[in-house]
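# Survey of secondary and tertiary structure
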Amino acid sequence: QVQLVESGGGSVQDGGSLRLSCVVSGNTRRARRMAWFRQVPGKEREGVAATASDGSARYADPVKGRFTISKENGENTLVLQMNSLKLEDTAIYYCAADFDYWRRYVLGLDAGTYTVWGQGTPVTVSS
């Protein structure tokens, strides 16, 4: 059984930086694609950044040039480095994984296609 646990959320000043981590446990050798999503109460969950099984990456327009998605610790940790944070980045951030073999190379930010989710870590950006 695969589990995802996020950490690193907190409160930062406008323009500051924050590093989110998602530790993957269980059968970590299964082919997968992973992504970061965020959600504000009352709004739909939106994609932030995604990585396919081949390591390629895709970013949502609002975070391009500011956020970087990467893997560490032998690819068992998914990281989201957030720089130049803005007030509108405030949300609960979720780590997600998809183990569908036929989608392993798809860079997708559709929340409905991901099947394993972490519990989320809150990020608050203040002025």
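Here's a quick rundown of the structure. Residue positions are given per chain, counting from 1 as you read along its sequence in written order. Only residues with pLDDT of 70 or above have their local features reported here, since the model is predicted, and side-chain atom pairs are shown and tallied only from 80 upward, although totals for entire chains, interfaces and linings are computed over all residues. Side-chain numbers here rest on the full set of heavy atoms in the structure, without hydrogens or water.

## As for the nonpolar core
When a protein is soluble and globular, its nonpolar side chains tend to lie buried together. This is how the line gets drawn: Among the buried residues, those of types Ala, Val, Leu, Ile, Met, Phe, Trp, Tyr and Cys that are joined through side-chain atoms within 4.5 Å form a nonpolar core. Buried means the residue's accessible area, taken with a 1.4 Å probe over protein chains only, is under 20% of the maximum for its type, while exposed means over 50%, and partly exposed covers the values in between. Helix and strand assignments come from DSSP, with helices taken as H or I runs of at least 4 residues and strands as E runs of at least 2, each series counted from the N terminus.
Core analysis: the largest hydrophobic core is formed by 33 residues, its most contacted members being Leu4, Trp36, Leu80, Met82 and Tyr93. Taken together, the elements giving at least two residues each to this core come down to β3 (18-25), β4 (33-39), β5 (46-51), β7 (67-72), β8 (77-82), β9 (91-98) and β11 (121-126). For this core, the element with the most residues is β9, which contributes 5 residues.

## Some remarks on the pairing of β11
Looking along a regular strand, one sees side chains alternate from face to face of the sheet. Which entries qualify depends on this criterion: One requirement defines pairing of two strands: DSSP has to find at least two bridges between them.
Of the two faces of β11, only the one carrying Thr121, Val123 and Val125 is buried; Pro122, Thr124 and Ser126 on the other face are not. With 4 bridges joining them, strand β2 (residues 10-13) and β11 adopt parallel strand pairing. In the sheet register, serine 11 faces β11, and the bridge partner there is threonine 124. Two elements, β9 and β11, share 3 bridges in a ladder whose sense is antiparallel. Across the sheet, residue tyrosine 93 finds its bridge partner in β11, namely threonine 121.

## Some words on the sheet that holds strand β1 (residues 3-7)
Note the threshold: The convention used is that axes are lines fitted to C-alpha atoms, helices contributing only their stretch in contact, and that angles between N-to-C directions extend from 0 to 180 degrees.
Spatial strand order, β1-β3-β8-β7: 4 strands in an open sheet with antiparallel pairing. Each end of this open sheet is capped by a strand with a single partner; those strands are β1 and β7. Adjacent strand axes in the sheet meet at a mean angle of 20 degrees, parallel and antiparallel pairs treated alike. Note: β7 against β8, 6 bridges, orientation antiparallel. For isoleucine 69, the partnering residue across the bridge sits in β8 and is leucine 80.

## Some details on the pattern of salt bridges
Defined as follows: Salt-bridge detection follows one rule: a side-chain nitrogen of Lys or Arg within 4 Å of a carboxyl oxygen of Asp or Glu.
Here the structure, examined in full by the defined rule, presents 8 salt bridges. With its nearest N and O atoms 3.0 Å apart, the salt bridge here joins lysine 64 to aspartate 61. You can call aspartate 61 exposed: its relative accessible area is 61%. What emerges from the salt-bridge pattern is a single network uniting Arg33, Asp98, Asp100 and Arg103.

The values are spatial; any link to function lies outside them.
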